[in-house]
Amino acid sequence: MTIETWLAFTIAYFVISAIPGPSVLMVVSQSLSKGLGPAILCIIGDIGGGIAVMALSYLGLGAILATSTELFQIVKWCGVAYMAYLGWASIRDARNQGVPIDDAVEKTPRAKSLRAGFFTGLLNPKAIMFYMAFLSQFIDTSQPHLSQFLILMVSASMVVFGVLGMYALLATKVRRLFLHPSSRKMMGYVGGGMLLGGSAWIAVTR
């Protein structure tokens, strides 16, 4: 793989990742309702889910999803339902926000944020087909495929971490402006509403 090909991939993937989607909505929601720490864990989980999706794409699962309408719909609605559940849970948790902001963050289970990010990245059937089509544009068929795929996968993960990290930082700065319990509760409602809206958007547009 040439440096020009790698740069073209990195720039293109940065632009694609910066467009708000389910992962961005999830990270922003985590930042607003729980803070920067849980949002970073959510990003790590999302990257893990993305790596799994890219690996499945490399193994050809995208071809199966492309030819099986039933399987595609099952994966799609699992993703919609999971995001809707997380939105409802965020609104539910917001009702109990009455402790200092640092204590609220510390009581957030790490596994919960990691799991939320992972399944957001994983339960996206179109992502598998997207990666099959997108990654193939940057792989030189005359050279070993696996090493090129690994380079693209690591590069994509770094781009995602940078882009989602910027969203998390921006959302956290907004959150810090609202230290009063009632304001934090409002942030929880906003974050949950974003996830519910995102699940509805996925259901309608996909």
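Bear in mind the structure is a predicted one, so any value in this text is a computation, not a measurement.

Q: Looking at this model, I keep getting lost on the packing of aromatic side chains. Mind explaining?
A: Between two aromatic rings, the relevant description is the distance of the centres plus the angle of the planes. This structure, assessed with the given rule, holds 2 aromatic pairs. Ring geometry for Phe9 against Tyr13: centres 5.6 Å apart, planes inclined by 20°, an arrangement best described as stacked. You can see Phe9 and its partner Tyr13 sitting in helix α1 (residues 3-18), 4 residues apart, about one turn around the helix. One exposure class covers both Phe9 and Tyr13, and it is buried.

Q: Looking at this structure, how should I read the nonpolar core?
A: It is characteristic of soluble globular proteins that their nonpolar side chains tend to be buried jointly. Phe9, Tyr13, Val27, Met54, Tyr131 and Leu135 are the most contacted members of the largest nonpolar core, which totals 31 residues. Residue assignment for this core shows that the elements contributing at least two residues are α1, α2 (22-33), α3 (36-59), α8 (125-136) and α9 (145-176). The biggest single contributor to this core is α9, with 10 residues. Once you skip the residues sitting within four places of it in the chain, Val27 turns out to touch Ala39, Cys42, Ile43, Leu164 and Ala168.

Q: Teacher, can you tell me more about the packing of α2 against helix α7 (residues 110-122) here?
A: Think of two packed helices as two axes; the pair is described by the angle between the axes and how far apart they sit. Closest axis-to-axis distance for the α2/α7 pair is 9 Å, and the angle between their directions is 165°. For the element pair α2 / α7, the angle class is roughly antiparallel. As for the relative orientation of α2 and α7, their crossing is right-handed in sense. Across the interface between the two elements, Pro22, Ser23, Met26 and Gln30 from α2 touch Ser113, Ala116 and Thr120 from α7. Tallied by class, the residues present in the contact of α2 with α7 amount to 3 nonpolar, 4 polar and no charged.

Calculation criteria
- Residues numbered from 1 in each chain as written.
- Predicted model: local features only at pLDDT ≥ 70, side-chain atom pairs only at ≥ 80, totals over all residues.
- Heavy atoms only, no water.
- Phe/Tyr/Trp six-rings, centres within 6.5 Å; stacked < 30°, edge-to-face > 60°.
- Helix = DSSP H or I, 4+ residues; strand = E, 2+ residues; numbered from the N terminus.
- Buried < 20%, exposed > 50% of the residue type's maximum accessible area, 1.4 Å probe, protein only.
- Core = buried A, V, L, I, M, F, W, Y, C linked by side-chain atoms within 4.5 Å.
- Contact = heavy atoms within 4.5 Å.
- Axes fitted to C-alpha atoms, helices over the stretch in contact; angles between N-to-C directions.
- Parallel < 35°, antiparallel > 145°, perpendicular 65-115°, else oblique.
- Left-handed = near helix turned anticlockwise from the far one by under 90°.
- Nonpolar A, V, L, I, M, F, W, Y, C, P; charged D, E, K, R; others polar.

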